[in-house]
Each structure stands twice: as C-alpha cells, then as structure tokens.
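So the chains spell out like this:
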Amino acid sequence: MLEQIIKLKEQGLTTKQIAAQLDTTEGKIKYAWTKYRKSLTEQPLVALKVESKTVKQTKKSTAPVLDVVPSVQVVPSLERDAFGMATHYEDDIIHAIVQSPTALYVYWELSELSKQLLETHYHTTFDSFRKELRIIDVTLVEYEQGQANRTYQFELPEMTNAWFVRPVAPNTTYIIEWGIQTIDGDFVPVLRSKPVETPRDEPVTDGRFAEVVHHWQYGEVEQPEWVEVLRPYSYFDRVR
Amino acid sequence: MELERGKGREAMRKGYFSLVLHAHLPYIRHEEAHRLEERWMYEAISETYIPLLWEVDRLSRPLGWTVSISPPVIEMLADPLIQERYIEHIEDTLRLIRQELERELAQKERDALLFYQDRYQDLLNTFLHWEKDLNRAFRHYKEQGYLDLITCTATHGFSPHMLSEQAARSEIQTGLNCFERHYGFRPSGLWMPECAYTPGLDRILYEEGIRYTFVDEHSILNADPSPKHGIGAPVYSPHGVALFPRDQIISGKIWSSVIGYPGHPDYREFYRDLAYDREWDQIAEFMHPEGLRYDTGLKLHRVTGETDQKDYYVRDWAWQRTSEHAADFAQALGEHLDAHQGQDFPPFLVTAPFDAELFGHWWFEGPDFLGKAMERLEDQGIESISPAIFLERHFQDIDTAHVAMGTWGRKGYAEVWINERNDWMIRHLHQLEKRLAGIVARNRHQDALTVKAKRQLIREYLLAVSSDWPFILDGQTTAQYAANRFREHILRFEETERRLDAEELTVEWLDDRYREYPFLQDSDIEPDVFLTAHDYYVAVKREKSWNTDAILLFVRQYDASDRPASELARRLAAAGENVYVVTEHLEAYRFEEGVHVYGVQVTGLPLVQTYNQLAALNLAFLRQAQALSKIVDFAVIHNFNMETASAAQAIAKIKELPLVSNVYDVESERSPDRSGGLVVALKRLEGDALRQSAVVYLEREESRHGVEQEYHVEKKPLRFEENLEKPYQHVTNPKKNG
C-alpha cells in the first residue's frame, strides 16, 4: 500500500482523497505516511549530488547559425556547500547596498585571474596579502579624477567576502574599494564599487538637491546629477 | 452627534482621506498536498479577502479605496488546485465545528463556535458565488466603481538592493502583465514592495506607465528640497512619479497593537487557537498528517487584557466595539484634517496604506471596522478618494523633490532585508541578474525552445527575488521554508541554464518545471527584458568574424615610434588577422587601420610607489582583457612591456594561452647602477615573464646577454625583425595541443 500512497502523494492528493481512492481510513494512510517519512530522515545523510558544470568547448567552429554568439566564457565548476549552493563565484565584483543612513552592506567576489595577477606581481601567495576595505566619501566630487572628500580603511579578516560598514554618514555618496595594503604603504585597489548613496535621516534646511532637481526638471542636463543605483547592466560592457 | 447624510454632504470638510490596502503573500502553491505554508493563503481568504469583499458589497457605493493585489495572490486565487483545497479546508473546518458542538461546552464557548459555523458557511457561499475565483469579485467591484485596483511587482522583490535596472524592470513589467491578463487593464499606480523607494526607480516606473506609488512618511519629510506641504500631499519624484506618503499618526491608530484599536479586550485574540486547547486525539484528524499541530482558525477567545487567562470571545461585544472605534476614527480624522485646513493647492490629504492582511487576519474585526469607518467618514463630511482621482484633480499642485532611499520597514530603511541573518542571499541574486544578461545576449535564437527557456529562467529569478524570503529569515519564523525556497529557485535556475548551454533542454522538461511552480504564464514574461541595446549590438550587429583566433597585444604606449607594436598590429590586420590592442590611453576605443585599440587608464586616488602603480596598471589591462574575452576567442597574447607583464602572465596561465614577449631592453640595462627594491622586483617580474614565454623576441641584439645570462631563459630568444612576417609561427598553443 505504501507504494500506492507515495505515488498518489506525488500526484498531489490529500490524505483524505488517498484514503477514498484506496478504500481505507484516513488514519491508516497517515500512519503509513508518517512512518515512511520518519524512515527517510533516519537514513544517514547522503551528500547532495551536485551536477558539476561541464566545461564546454566554444561553438565557433560548429556554429553556422548567425544569431548565436559563441560562448567563449566557460561557466566554471564552483565549490558547493551542503545545500548545493556555490560558495564563491568566479567573478570580479564588489557591490555596496544601503542598510540604513549609517550603514552599508558590501560583498565581493574575486576571480582566479585577479588572484593570479596579484600573486605574480608581488611574487607571493594570495593568503599572505593584507586585505583591506577602503571607504571613500565621493559626494559631489569626481573620484575618477582622483578627487575624494575623505577616506578610511581597515583590515579584513581572512576568508571574508562581505562586510557591514558602520558607521557611515547619511546623505553621502560612497565608493568602496577592496584592495591590498602593501608593505611600502600603498593601498592598491583591486575591486571598486559603483557609487552608492546613503539616505538622509532628517529634514533638510539648506539641501544640495534643489538645484540639480531643477536642472533635470527643466531639461538642462542629459542625465540627472545624482546617484541612481539601478543602472542597466551590460554583459558586453567594454566591448565595442 | 449624527448628521443626516444629505446634511453631511453639504458640510463637506476640506481635505481628503485615502485608504490603500495591499494584499500579498509569497507564491506558496505546491503540487504536494498538506504543505503548511499553503494555509497562509486559506487564512488570508477566510479572514481578510472575503470579509473585505463583504463590506464592499454591503456598502455598494464608491468607497475611494485602492486595493493592491500582488501577482502571487492573483495567481493563487485563480489556481484551481488552491480553489479545490480551499473548499476542502472550509469543509474540514465546518466538520470540526460540528464535532466540537457535540461536546459539552460552556455557553460562551458554544456561542463562539456557532458564530464560526455561520461564518464559515458564509465564506463557502461567497466563494462559490464567485465561482471559486475571487479575482472575479474584485474585478466586479472595480467595474462597479466601488474601489480602485492596482497591483505590485511580480514577486515583491526589494528593488533598492537589485544590481541592475533590468531586474527592477522585470519585476515591474511582469507584475503589470500578470495583472492585466487577469483584470483586463493596466493600472497607473503600482505598490512598490515594502514601500521601498530609491532614486532612479522612478525612471523605470515612469517608463512602464506608472504615475504613482507609495512611500513612508519620513521619505517625504526628508525630501530635498523640503516639500512645502510635508506629508499633506504627494510629491513628484524627479522622473515624474507621484509618491504618496503614509500618514503615521492616522495609520498608527489602526495598526498599533499598543496605541491602536486592535488591542482592545473585546477583540479576538490572535494567539489562542482551539488546536492548542484540545488533546491531540480530539483534533488529530484535522491536524497535519505528520502529527504537527497547527492553527485551526477557530480562535475562541478575546484579548481580555494583559493576562494569560483569556475569556471567551463574544461576537456581539466585538461587533459593537467596531462601531465605537469607527466613530472615534472618523472623529480623529476629521480633527486631523481641520488642523490642516489652512493648506491649499492641494488640500490636505491623509494617505493610509496598509497590508490588507492586517484587517481580518491580524485584527479579526478589521474589515467590519473599515466598512463602518467609511460610513462615519460620510457623516463627518470627509471625502475618501483614491490617489488616481487625487492626481486627476491636483496634478498641477505638486512639488518635485529628490527623495532618498527609504522603506516602511523597521527603522525606515533596509535593516529587515539586509542583516546578518539573510545577507548570504544577495550575491546569488546578483549573479542571476548578471547571468540572465549574459544568457539573453548570447542566445539570440528566436526559436520556441530558447524563448521558453529564457522565460523559465526569468521565472526562477523572480521566484527567488521575493522580499518575503529575507523578511522571513529576519523574523526567524518558518525560516527553513524561506531559505529552502530561495535556494531551490537558485538551483533550478542553474540547472536550466546548464541544460540550455549544453543543448540538453526539451520543451517537455521545461513544461515539467513550470508545472511544479505554475506562476505567471509565459506571455507575462518578456524574454529579453534583461537585454540592453548595447548587448544586442555586440551580439547581433557587431562583425562576428572579429571574434575568432584573435591576437591580444599589450602595449603601454601604442604610438611610441621607437617600438614596432603599432607597425606589427597594422601588418597583422592587413593580413586578415583579428588584432586587439590594449594600451594606456584616454580614448576607450578606436578602430584604426583594421586594429581594435582599447584604451585603459588608472583612475581614483593616486598611488605613491612605482611598483604599486604598475599593479594598478596591470589590473586595468586585465579588466579590459576579461571584458573582451566574453566574446573574443584569443589565440595568443603578445606583451610589449615589462610594465604589463603581470597581467599578461596571469592571462596566459589561467586562460592557457601562449605568451609572446617583446624585449627592447631589460632592467639591468635600464638601471645599471641601481639595486633597490624596485629594481629587484622588476627584474624578478621580467625574468618570470620571459621564462614563461613561448617565444621571446629581441628588438635589440644588445639585450640578448641579459635575457640569456641574467634571466636564464632556456628558449633561444629570436630577433623580432627577422620574424615580422610570421611572428607566431614558433608558437605552440597549449590550449589547442592540450
């Protein structure tokens, strides 16, 4: 009977419906099912089988179809946790989001390629680097041009891939960099976040947005002069 | 003091009231029966959705209410499986009530049960009246003009934390498509999940046809410039979306269990359910087959007071109490409006947005209260108005301001959705966004299978991005379910992606996947919502022959006349090779005599030490090469400067490409008398790069000694000028040979 119960369960029937179909009582169905479920959980844990990503050859030699872009990037097989989730992504990204006017959350991923470059350049192992986060206030200045209002940095413990940055100031634009602190005193940024803006936490008296809102409202600028975090993500961003 | 209705209308007060109810549950439909979470839906239907509809029906006149129904709720209401199971649930409850009534009971307990018996019978009748689909009911009352309907984003994702514009757009657009399929029109307003707003979200909303949404009070009070009416009016966001602020004083009267109405001793006690007042044997039949005890929905006690000794619920008392509270509310609201009657253009508006489930599910008598409150508002001459009508009347009287990120969650920002309990989720969601952009860019097939696969991938992303999962993890109740659901959709996404890449997908497999979570029809999902115009150009319009067997040249100064790099690049291009140059330059790209020249620069704060400046330069070269590698298949990397040797080596090693190095001079020639740390480091780097090179070309014979003797390069360095015609003939490709 158990086999039939399992089959009907899989079809989405309720115990009542199963009882009716098998011409028995609901109690018996429930008993059998509970016992079965219990027997499942008592079995030793079997490691989750995770299908690893197969490394795929590029399609270029066999792709006459014009609307297919050869997938040069190979999805690497990633390390998985007990739930089958990737523990790390083969990517170079640092991203900051707002938790509150005085706190940001930052996470990052560093690719093998980036690690290799650092190891090659500094002739040492990745583990031996002193890793730091640099918090840069770039409110109303051009960071690309080397301008910053103020910065601070701190050392990260090994094996971290995320950080709650507290405290930060409200109504402020930040860029966060993940990098290495060299023995000769430089901070070498390896990953740089897009700008993120902490919200205001009090009413403004003499704010900084009246003018830029006016510029935008009356079509005097092509793009708004404030931070908007939801920008288009282009996969082929730097390919022309 | 009761005013006659006619008289009340003459004595209309200045100002408006706007009630907004947002109905939402995560998509918790499972094919498998007896999933605990499915009961959330039954409870919402029994306690909130139908009782609210009863009030709308009883009043049968325009109420000015705006009801937001989220796509998961719409889809579950329309789902035949949920409908059948709901009926079964009601019948079970009625059976339990009958069984209970056969027991010996205190009179008040019996009365409470009799109340539930009538009520559940009414629920069933109403449910069947609308042919089991309550979407029909909401649609009917909307068409009668009694209420206004809007919806929410597809799965209630938390927009400010999304990585890309496309993700926010997919949530908004798909939600609207789903709503339109069920309700036959596209609303001009949209409930943004958690009243979460962030600058720029308004641009997407506006582009998707949305003209208003809701934010919390502080979002408007802290707007810049400060709006002159405070929260007494909406403000326009810079991209032209009206943001209606929640009035916390008025809202607090209703939702707060401390200062608000729901905590009154006469009202039903939420935390006391019959299931926990009976021996297991007495109720086993109505409990979960695996022996779990859960709420029956029969809550027979009232709040009573701050005591664990709860008295039985007396329906009449509770009912009377709602009349009193409705009158009190109307009175308070009237005074609130009067206090602001000096406001003109527009008159003072009180916006009161709530989770719909607050009324009925949490505050059992809430729907009765709302219905009665509307009648008392009429007595008080208070006009109840929808935001849509308000905008029609007053669109020209609204300020524009920059509104910062904010939500209606705990402390007003994002602490609920990103904290130490749930922060592990966000990187997975962002990876899905990036991969979706990549998948739609690379797969430009328009065949049915590919399009269907894209839609399924987006569906999995949407189901994963629901703000309910981090919300539940924050609260720590049913956390396991939320975490499992989240992981399940991430893994289902990856499996679908893997099969798409491996060309192992079939329509049947995708159909099976859909049947497991039949949320949204394919037509609701725009398969290319993650595609940017630029990616379309690169994938489709850009010359495809440029992508194969390419040569990557790293040259710090491409135009330097004493070096042969540019001459070589042009010569190779003329011979039909794909040549990509990465160089240090302001101009990001130029296509020059057949050569793709990409300029990179080190930006940001300056570095002090030369060797660290070189590290930054190498990282800049590496990033450009990585970007190109997404579409260009490189056969060789040719490095012209020791300054870029780290990036060249790393790429050669990880991508298994042959490295060719051109030497003009070596460090011992450049700095013959120096032996400091920088010289040592450069020599080491130079030596490593040359020893790793498949071919070393000398531009000057004078450097041969250094290369061979100091760096111990085993392969014999060749003269570059002798190999200009076929510079890569001596290169063996480890990738191709391997």
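Given the structure is predicted, the values throughout are model-derived calculations rather than measurements.

1. Looking at the overall build of chain A
Then comes step 1: Counting its secondary structure elements, chain A contains five helices and eight strands.
Then comes step 2: Across the 240 residues of chain A, 30% fall into the buried class.
Then comes step 3: For chain A, restricting intrachain contacts to residue pairs at least 6 apart in sequence, the fraction spanning at least 24 positions comes to 50%.

2. Looking at the overall build of chain B
Then comes step 1: Helix and strand content of chain B: 27 helices and 17 strands.
Then comes step 2: Taking 27 Å as the expected radius of gyration for a compact globule of 738 residues, we find that chain B reaches 34 Å, considerably beyond that expectation.
Then comes step 3: Principal axes of the C-alpha set define a box for chain B whose edges measure 110 × 65 × 50 Å.
Then comes step 4: Out of the 738 residues belonging to chain B, those deemed buried represent 51%.

3. A look at the domain arrangement of chain B
Then comes step 1: Along its sequence, chain B is carved into domain 1 (5-412), domain 2 (423-536) and domain 3 (543-737).
Then comes step 2: Each of domain 1 of chain B and domain 3 of chain B has a C-alpha centre, and these two points are 64 Å apart.

4. A short note on the sheet that holds strand β2 (residues 103-109) of chain A
The strands making up a sheet associate through backbone hydrogen bonding, with each pair oriented either parallel or antiparallel.
All names here are of chain A.
Then comes step 1: Pairing is antiparallel in the open sheet, where three strands are placed in the order β1-β2-β5. Pairing within the sheet leaves two strands with one partner each, and these edge strands are β1 (93-100) and β5 (162-165). Here the average twist between neighbouring strands, direction ignored, is 20°.
Then comes step 2: Inspection of the sheet shows β2 paired to β5 by four bridges, in the antiparallel sense. Across the sheet, the residue bridging to V106 is W163, located in β5.

5. Examining the nonpolar core
Then comes step 1: Counting 250 residues, the largest nonpolar core has L553(B), Y580(B) and V581(B) as the members making the most contacts within it.
Then comes step 2: Beyond its immediate chain neighbours, meaning those up to four positions away, V581(B) contacts L553(B), V555(B), Y558(B), A569(B), V595(B), H596(B), V597(B) and Y598(B).

6. Notes on the sheet that holds strand β12 (residues 589-592) of chain B
Residue and element names in this part refer to chain B.
Then comes step 1: Read across the open sheet, the eight strands follow the order β12-β13-β11-β10-β14-β15-β16-β17; overall the sheet is mixed. The open sheet terminates on both sides in strands that have one partner only, identified here as β12 and β17 (718-719).
Then comes step 2: When strand β10 (residues 550-555) meets strand β11 (residues 579-584), the two strands line up parallel, connected through five bridges. Across the sheet, the residue bridging to F554 is V582, located in β11.

7. Comments concerning the interface of chain A and chain B
Then comes step 1: With 87 residues of chain A in contact, the opposing surface of chain B contributes 103 residues.
Then comes step 2: Mapped by element, the contributors of at least two residues to the side of chain A that touches chain B are α3 (26-42), β1, β2, α4 (112-122), β7 (187-192) and α5 (210-217) of chain A.
Then comes step 3: Counting residues per element, the side of chain A that touches chain B draws most heavily on α4(A), at seven residues.
Then comes step 4: Here the side of chain A that touches chain B is built from residues that sort into 40 nonpolar, 23 polar and 24 charged.

8. Here we look at the pairing of strand β1 (residues 16-23) of chain B
All names here are of chain B.
Then comes step 1: Within β1, eight of the eight residues are buried, leaving the element largely enclosed by the surrounding structure.
Then comes step 2: Side chains Y16, S18, V20 and H22 of β1 all project onto a buried face; the interleaved residues F17, L19, L21 and A23 project onto the opposite face, where all are buried too.
Then comes step 3: Direction of pairing for β1 relative to strand β8 (residues 349-355): parallel, over a ladder of seven bridges. Note that in β8 the partner of L21 across the bridge is F354.
Then comes step 4: Sheet analysis places β1 next to strand β2 (residues 65-69), joined by four bridges and oriented parallel.

9. Here's the deal with α4(A)
It helps to recall that an α-helix has 3.6 residues per turn; residues three or four apart then point in one direction.
Then comes step 1: Across the eleven residues that make up α4(A), a large majority, eight, are buried.
Then comes step 2: Within the sequence span of α4(A), burial applies to L113(A), S114(A), Q116(A), L117(A), L118(A), T120(A), H121(A) and Y122(A).
Then comes step 3: Buried residues along α4(A) sit against β6 (173-181) and β7 of chain A together with α22 (610-629), α23 (645-654) and α25 (677-692) of chain B.

10. Concerning the environment of E290(B)
Then comes step 1: Positionally, E290(B) belongs in the loop between α11 (280-283) and α12 (315-339).
Then comes step 2: For the pair formed by E290(B) and S164(B), sequence separation is 126 residues and the distance between their alpha carbons is 43 Å.

11. So, the confidence of the model for chain A
Residue and element names in this part refer to chain A.
Then comes step 1: Residue-level pLDDT values for chain A average 84, and 80% of them are 70 or greater.
Then comes step 2: In this model residues 42-66 is a low-confidence stretch, pLDDT under 50, and it forms 29 contacts with partners more than four residues away in sequence or in other chains.
Then comes step 3: Throughout residues 70-74 the model reports pLDDT below 50, and contacts reaching past four residues in sequence, or to other chains, amount to 21 contacts.

12. Some words on the confidence of the model for chain B
Then comes step 1: Here chain B averages 95 in pLDDT, while 98% of its residues score no lower than 70.
Then comes step 2: For this predicted complex, the interface confidence reaches an ipTM of 0.95, while the overall pTM sits at 0.91.

13. Description of the domain arrangement of chain A
Then comes step 1: Domain boundaries assigned for chain A yield domain 1 (2-42) and domain 2 (93-217).
Then comes step 2: For domain 1 of chain A versus domain 2 of chain A, the separation of C-alpha centres amounts to 56 Å.

14. What about the pairing of strand β5 (residues 212-215) of chain B?
Residue and element names in this part refer to chain B.
Then comes step 1: Of the two faces of β5, the one carrying Y212 and F214 and the one carrying T213 and V215 are both buried.
Then comes step 2: Of the strand pairs in this sheet, β5 and strand β7 (residues 242-245) are connected by four bridges, and their pairing is parallel. Considered in β7, the bridge of V215 is made with P245.

15. Let's talk about the packing of helix α2 (residues 38-59) of chain B against helix α5 (residues 107-129) of chain B
All names here are of chain B.
Then comes step 1: The interhelical angle for the contact between α2 and α5, taken along N-to-C directions, is 65°, at an axis separation of 11 Å. One element, α2, and the other, α5, form an angle in the roughly perpendicular class. By crossing handedness, the relation of α2 to α5 is classed as left-handed. Counting all contacts with α2, which are made through S46, I50 and L53, the residues of α5 involved are L123, T126 and F127.
Then comes step 2: Tallied by class, the residues present in the contact of α2 with α5 amount to four nonpolar, two polar and no charged.

16. Some points on unusual backbone geometry
Then comes step 1: Of note, the bond from R166(A) into P167(A) is cis; its omega dihedral lies within 30 degrees of zero at -5°.
Then comes step 2: For P167(A), the location among the structural elements is in the loop between β5 and β6.
Then comes step 3: Here the residue pair F345(B) and P346(B) is connected by a cis peptide bond, since its omega of -5° sits within 30 degrees of zero.
Then comes step 4: Within the element layout of this structure, P346(B) appears in the loop between α12 and β8.
Then comes step 5: The phi dihedral of F345(B) falls on the positive side, at around 45°, and the residue is not glycine.

17. Examining the packing of α2(B) against helix α13 (residues 366-379) of chain B
Residue and element names in this part refer to chain B.
Then comes step 1: Contact pair α2 / α13: the axes reach a minimum separation of 8 Å and the direction vectors enclose 25°. Comparing their axes, α13 and α2 come out roughly parallel. The element α2 and its partner α13 pack so that their crossing is right-handed. Across the interface between the two elements, P51, L52, W54, E55, R58 and L59 from α2 touch P367, L370, G371 and M374 from α13.
Then comes step 2: Its residues assigned to classes, the contact of α2 with α13 comprises seven nonpolar, one polar and two charged.

18. Some thoughts on the environment of M192(B)
All names here are of chain B.
Then comes step 1: Position of M192 relative to the elements: it lies in the loop between β4 (190-191) and α8 (201-207).
Then comes step 2: Residue M192 is classed as buried on the basis of its C-beta count, with 30 C-beta atoms lying within 10 Å.
Then comes step 3: Sequence-wise, M192 and H712 are 520 residues apart; in three dimensions their C-alpha atoms are separated by 66 Å.
Then comes step 4: With sequence-adjacent residues up to four places away left out, M192 is seen in contact with T153, S159, Y197 and T213.

19. As for the environment of N662(B)
All names here are of chain B.
Then comes step 1: Here N662 shows up in strand β15 (residues 659-663).
Then comes step 2: Sequence separation of N662 and Y86 is 576 residues, and the distance between their C-alpha atoms is 75 Å.
Then comes step 3: Excluding residues that lie within four positions of it along the chain, N662 makes contacts with F640, Y697, E699 and F720.

Conventions adopted
- Residues numbered from 1 in each chain as written.
- Chains lettered and ligands numbered in written order.
- Predicted model: local features only at pLDDT ≥ 70, side-chain atom pairs only at ≥ 80, totals over all residues.
- Helix = DSSP H or I, 4+ residues; strand = E, 2+ residues; numbered from the N terminus.
- Buried ≥ 20, exposed ≤ 12 C-beta atoms within 10 Å, placed from the backbone.
- Contact = placed C-beta atoms within 7 Å.
- Rg over C-alpha atoms; globule rule 2.2 N^0.38 Å.
- Domains from an automatic or database assignment.
- Pairing = 2+ DSSP bridges.
- Axes fitted to C-alpha atoms, helices over the stretch in contact; angles between N-to-C directions.
- Core = buried A, V, L, I, M, F, W, Y, C linked by C-beta atoms within 7 Å.
- Nonpolar A, V, L, I, M, F, W, Y, C, P; charged D, E, K, R; others polar.
- pLDDT = per-residue confidence, 0-100.
- Parallel < 35°, antiparallel > 145°, perpendicular 65-115°, else oblique.
- Left-handed = near helix turned anticlockwise from the far one by under 90°.

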